[in-house]
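# Examining the three-dimensional arrangement
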Amino acid sequence: MGADSPDMKYCIVITDGASGEPVPEFGNKTSLETACTPHLDALAAEGLVGLAKTVPDDLEPSSNVACTSICGYDPRLFPVGRGALEGAALGIRLADDEVALRLNLTHVNPEGIMQSYSTDNISVADGSALINELAEALDDEMFTLHAGTGFRGILVVKGRPGLMSTRMPAAHDMTDQYVADHPTTGPEAALLVEYERRAREILAASPTNARRRGEGKLVATDVFLFWPGQRPENMPPFSSVYGKQAGIMSGVDLLNGIAFLADITNFHFEGVTDGPDNDYAAQGEGALVMLAEKDVVFCHVEAPDAEGHDSNAPGKVEAIEAIDREILSRLRHYAESKPLRILVMPDHPTPVLKKRHTRDLVPFVLSGPGVAPNAGIRMTEAEAASTGLVVDPGHLLMEMLLSEV
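Let me sum up the structure you'll find in this document. Only a predicted model underlies this, so the values are computations on that prediction, with no experimental measurement involved.

## Remarks on the environment of Leu288
With respect to the element layout, Leu288 can be found in helix α10 (residues 280-293). Assessed through its relative accessible area of 24%, Leu288 is described here as partly exposed.

## Focus on the pairing of strand β12 (residues 362-367)
Of all six residues in β12, six are buried, a share of seventy percent or more. Neither face of β12 is exposed, since Val362, Phe364 and Leu366 on one face and Pro363, Val365 and Ser367 on the opposite face are all buried. Pairing between strand β2 (residues 48-52) and β12: five bridges, direction antiparallel. Within β12, the residue paired with Leu48 across the bridge is Leu366. By the bridge criterion, three bridges tie strand β11 (residues 340-345) to β12 in an arrangement that is antiparallel.

## A look at the side chain of Thr221
Along the chain, Thr221 falls in the loop between α7 (207-214) and β7 (222-229). For Thr221, a relative accessible area of 19% translates into the label buried. In this structure, Thr221 is in contact with Thr106, His107, Val108, Arg200 and Leu203, ignoring residues within four places of it in sequence.

## Things to note about the sheet that holds β12
The sheet built from eight strands is open, its strands ordered β9-β8-β10-β1-β11-β12-β2-β13 with mixed pairing. Edge strands, defined here as strands with exactly one partner in the open sheet, are β9 (265-267) and β13 (390-391). Packed onto the sheet, helix α12 (residues 313-335) meets β1 (9-15), β10 (296-301) and β11 and runs at close to 170° relative to β1.

Thresholds applied
- Residues numbered from 1 in each chain as written.
- Predicted model: local features only at pLDDT ≥ 70, side-chain atom pairs only at ≥ 80, totals over all residues.
- Heavy atoms only, no water.
- Helix = DSSP H or I, 4+ residues; strand = E, 2+ residues; numbered from the N terminus.
- Buried < 20%, exposed > 50% of the residue type's maximum accessible area, 1.4 Å probe, protein only.
- Pairing = 2+ DSSP bridges.
- Contact = heavy atoms within 4.5 Å.
- Axes fitted to C-alpha atoms, helices over the stretch in contact; angles between N-to-C directions.

Nothing here speaks to function; it is geometry throughout.
What follows is the structure in structure tokens.
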């Protein structure tokens, strides 16, 4: 998998959830079609535009599956549950008899409708405070709760392997729907339902919630558990598979968990978050810092996905435009004087009307020295489809990026 030049560097910009479906308020154009992206357009005109299948037919269209593909690993060979991945990023080492579950702090209105799967993207400080209150009340020999980022937590459950075959709907898939219509089912459903009931009582009496209510902020009324995972089998290190040293930057624990398992260096930069408050300029500058140290760098931006889940069509377009303005502009400037190949792509679509992930193929742009352009001129769903270039399975894109094209 040799590259054109021994000095070549590689940057993968993951625009999480940026692709989707036509939006009526945009004249039935998608978010990618609506966004003003001069730098991404220039990369497309200079390089390859196509579609990639990041989610195999037999796996759920979740970010752990799709991002595993983008990182160059076949998710069917490394089926790591997202709870275990996010736990790995937090330094949680699971025993053989433990299962890690993702926990969301949510707001369910009095009518029983999921109003916010993230408690209005609760801050890290308030999210951690609430999860610590729950842990103090509910942790025992079976349950251990850990705070993640913002509304996210990880619940480790000991001695209940049946959790791996229990069906748990994801909180973000219930937005604006009655939660009673999405029951947990399977061998350990009763265990989880009881834990969620007890958590609801703790949250109702929470001093953190009381303060938030007084400040006019949304309160966390419920927790929901989903995405079980057990101790993962070790992925081979990225360096041994591809012969390159890699680094990753992300505001979410999932990507940091993949990095841990694949022995990819985690980089942390002030201001990089998982929501609309993300400092895109800090990510752009951070990508340049990583390129100075590593051969391959992953720059993951969560905001388009978060806006898609929140059905915020203008916000999703703004996030895509900020990526173009603050991140891709810096990478193009870097490439004016140093050899750099750039791959830009979503991991999966998050249509703003559906508010959830879909398994459709995603558009990508691959540009840089040695990459012969095709007919594509923009990274949009229709434009990518029109080129006829389809990479299936999607993890083969890494070989395309690192090889002569």
